[in-house]
Amino acid sequence: LLLASAGAATAAPELPRLVEKDGRHALMVDGAPFLMLAGQAHNSSNYPGALPKVWAALKDAHANTLEMPVAWEQVEPKEGEFDFSFLDTLVSQARENDIRLVIVWFGTWKNTGPGYLPEWVKFDNRRFPRMKDKDGKTVYSHSPFGEQTLAADRRAFVRMMEHIRKIDSGHRTVIMVQVENEVGTYGVPRDHGERAEAAFRQQVPAAVLARQKPKVAGVTQGSWRQVYGDYADQYFHSWAIASYIESIASAGRAVYDLPMFVNAALREPSLDGKPAAPWKANFASGGPTWDVIDIYKAAAPHIDLAAPDIYMPESNKVTAVLKSYQRPDNALMVPEMGNAAGYARYVYQIVGMGALGVAPFGLDYFDYSNYPLGSKFTDRRMVEPFATVYGAFAPMQRQWARWAFEGRTHGVAEGDDRAPQTVALEGWKATVSFREFQFGERQYLKDKSEFKEGTEKPGGGVAIAQVGENEFVLVGQQARVKFAGDGANAGKPSLLGRVEEGRFDANGRWVMERNWNGDQTDYGLNLPAAPVVLKVRLVTYQE
Ligand code: N0T
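It should be emphasised that the depicted structure is a prediction, and the values quoted were computed from it without experimental measurement.

About the cut-offs
- The numbering scheme is per chain: residues are counted from 1 as the chain's sequence reads.
- Under the rules for a predicted model, residues below a pLDDT of 70 receive no local features and side-chain atom pairs below 80 are neither given nor counted, while totals for whole chains, interfaces and linings still include all residues.
- Only heavy atoms go into the side-chain values, all of them from the structure, while hydrogens and water stay out.
- Aromatic contacts are taken between Phe, Tyr and Trp rings whose centres are within 6.5 Å, Trp giving its six-membered ring; a plane angle under 30 degrees counts as stacked, one over 60 as edge-to-face, and the others as tilted.
- Here a helix means four or more residues in a row that DSSP labels H or I, a strand means two or more in a row labelled E, and each is numbered from the N terminus.
- Each residue is placed in one exposure class: buried if its accessible area under a 1.4 Å probe, protein chains only, is under 20% of its type's maximum, exposed if it is over 50%, and partly exposed if it falls in between.
- Ring-over charges, as used throughout, are those where CZ of Arg or NZ of Lys falls within 6 Å of the ring centre and within 35 degrees of the ring normal.
- By convention in these notes, a residue is near a molecule or strand provided one of its non-hydrogen atoms lies within 4 Å of it.
- Definition of a polar contact: a pair of N or O atoms within 3.5 Å, with one able to donate and the other able to accept a hydrogen when the atoms are protein atoms, and with sequence-neighbouring residues admitted only if both atoms are side-chain atoms.
- Each accessible area is a Shrake-Rupley estimate made with a 1.4 Å probe; only the visible protein chains count as cover when residues are assessed.
- Only Asp, Glu, Lys and Arg are considered charged in this grouping, and only Ala, Val, Leu, Ile, Met, Phe, Trp, Tyr, Cys and Pro are considered nonpolar; every other residue, Gly among them, is considered polar.
- Strand pairing requires that DSSP identify at least two bridges connecting the strands.
- Working convention: axes come from line fits to C-alpha atoms, limited for helices to the stretch in contact. Angles between N-to-C directions cover 0 to 180 degrees.
- Residue contacts are defined here by distance: any two heavy atoms, one from each residue, within 4.5 Å place the two residues in contact.

J.: Would you take a moment to explain the packing of aromatic side chains for this structure?
T.: When we look at a pair of aromatic rings, we describe it by the centre distance and by the angle of the planes. Evaluated as defined, the whole model comprises 26 aromatic pairs. Centroid distance W224 to Y228: 5.9 Å. Interplanar angle 45 degrees. Geometry classified as tilted. On the criterion of helical spacing, the pair formed by W224 and Y228 is a turn pair, its members being four residues apart in helix α9 (residues 224-228). Its relative accessible area of 0% is what places W224 among the buried residues. Chaining the aromatic ring pairs together yields one cluster made of F145, F200, W224, Y228, Y231, Y235, F236 and W239. Directly above the aromatic system of F200 lies the positively charged group of R190, at a separation of 3.6 Å from the ring centroid.

J.: Looking at this structure, I do not really get the site of the ligand. What am I missing?
T.: Around the ligand, the surrounding shell consists of N43, K110, N111, N181, E182, D309, Y311, E336, F361, N370 and L373. K110 is positioned such that a nitrogen or oxygen atom in its side chain is 2.9 Å from an oxygen atom of the ligand. N370 is positioned such that a nitrogen or oxygen atom in its side chain is 2.6 Å from an oxygen atom of the ligand. Coverage of the ligand by the protein amounts to 69% of the 500 Å² it exposes when considered alone. Of the residues belonging to the shell around the ligand, the class tally is three nonpolar, four polar and four charged.

J.: Looking at this structure, how should I read the sheet that holds strand β3 (residues 32-33)?
T.: Two modes of strand pairing occur in sheets, parallel and antiparallel, and in both the strands are linked by backbone hydrogen bonds. Pairing is antiparallel across the open sheet formed by three strands, whose spatial order is β1-β2-β3. Looking at the sheet topology across the chains shown, the edges are occupied by β1 (17-21) and β3. In terms of strand pairing, strand β2 (residues 24-29) meets β3 through two bridges, oriented antiparallel. Residue pairing in the sheet places V29 in a bridge with A32 of β3.

J.: Explain the environment of N330 here, please?
T.: Here N330 lies in the loop between α12 (315-325) and β12 (334-337). In the structure, N330 is positioned 280 residues away from A50 in sequence and 34 Å away in space, judged by C-alpha atoms. Within polar-contact distance, the side chain of N330 engages the backbone oxygen of A306 at 2.9 Å. Separated by 2.9 Å, the side chain of N330 and the backbone oxygen of Y325 make a polar contact.

J.: So what exactly am I meant to see when it comes to unusual backbone geometry here?
T.: Most peptide bonds adopt trans geometry, and most residues besides glycine take a negative phi value. A cis amide bond links Y371 with the next residue in sequence, P372, at an omega value of 5 degrees. Along the chain, the position of P372 falls in the loop between β13 (357-360) and α14 (380-393). Positive phi outside glycine occurs at T112, with the angle close to 75 degrees. With relative accessibility at 1%, the residue T112 sits in the buried group. Although it is not a glycine, E182 adopts a positive phi angle of roughly 45 degrees. Here E182 shows up in the loop between β9 (174-181) and α7 (194-201).

J.: What should I look at first to understand the sheet that holds β9 in this one?
T.: If you trace the eight strands once around the closed barrel, you get β4-β5-β6-β9-β10-β11-β12-β13, paired in parallel fashion. This sheet shows a mean twist of 30 degrees between the axes of neighbouring strands, independent of strand direction. By the bridge criterion, two bridges tie β9 to strand β10 (residues 260-265) in an arrangement that is parallel. Directly across from V177, in β10, lies its bridge partner M260. Packing against the sheet, helix α4 (residues 85-96) makes contact with β5 (65-71), β6 (100-110) and β9, and its axis sits at approximately 175 degrees to β5. Running over the sheet, α12 touches β10, β11 (305-310) and β12 and is turned about 170 degrees from β11.

What follows is the structure in structure tokens.
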């Protein structure tokens, strides 16, 4: 008996954790990189009765991870009385469905507001103060300087982490935790309550100064206003909220050390590389927007990453957002993205960039449509565009995550301009073009205004992994890919050596289904509307 239990203890897999090497990142799950092909449930799907429609959609989507909210109002409806029965149901059903979980903590702030506070917190503004604006008027959003609010939120969060440890430490079904949801405040740049005002007059902490450069010429230290001028209010609020989150996350990790992150309601990305302008009332001040990631890093070392919630459908904005959140000190993860069909192609770009994971939002069959942020549909028609892409990656997600961590992967999504894109590879470059017929070149067409059916809207995407010097794995749809020598192979004549269409089996072994040649390779590799996986070998030769 003793031996058996000792064996079971050693068999318990290690805790999920984030690792970094050469500025790249992996989420280690059961000791190896893991790619989260995820979906986030609707906000109100966090009750046992709602779960059947969640699992059904995730299964249809070929997802391996569910992001599910757990709300403070739900677990502590009366002060000090905790009920984690939903977590019990969620975790056990996740295991039955072979799905990992990311828990999304709806605490003090949900989309900046107090919606998910228990009523004993929400309506007691003395104990749990809201922010004040500059005229002393009460703001809807709770103050990050509410000491009792922080203590109460932290206690509930810690109790949740204790509960997760209790039910899950032998399984690791829960792999990450999001702390709060889309924090910040709309309409007001910062708190003007008494404690906030006192803190605002203090010196900017050295940890912040070390990362976020002063905005006032010639000033290297001083109060927030002195150092950051017109940016001071937003920066201060970011620091205040990040510090609040740090207190919750560090206490939670002390009891059960899961990777933790924050998500951002985006502000407009920088399309021209220029720094952001000072805050105007057009985005949530204080949230982890791209311009204040450094403040979050300084104030919240127990938060592994800040992540973008992408509800901007434009391809140039999506690209700018992804670039601004992928940094050597910040792993890329997209915990929310619109679930409209047009977003499915971005999975190739996101996964190709080496993200830890991606999740369309509202990926369950609850009869609620997020249009215009997401799909008009609430049934299979909503899931289908993601299902085909996830289906191609699902069997190979472990290999893909390893390749991504090794820096071998690249991703492209068709742009709104439909223009070709080039991908720089080692010794090679790939040109990806869109709307082409599978056979022949455009000049063969009589009617030059003709395009391939099904390409009326941008929907193409390709992810490429360079698995060997001259060997590639391509996953993609609705695109044409052509390779040419580059770098060490520049100018050398080359040919496709072999192009196998196939799939990876459950053991990660390649299963060849056919060899593409002739018409199927003479005009580039023409990926059909439904995703395919190709293994491509290129060969240079002497003329
Ligand atoms: C998201 C989701 C959920 C360009 C919206 C997005 C989720 C939260 N908020 O379904 O509420 O809990 O994180 C806000 C997007 C604002 C509009 C942006 C237009």
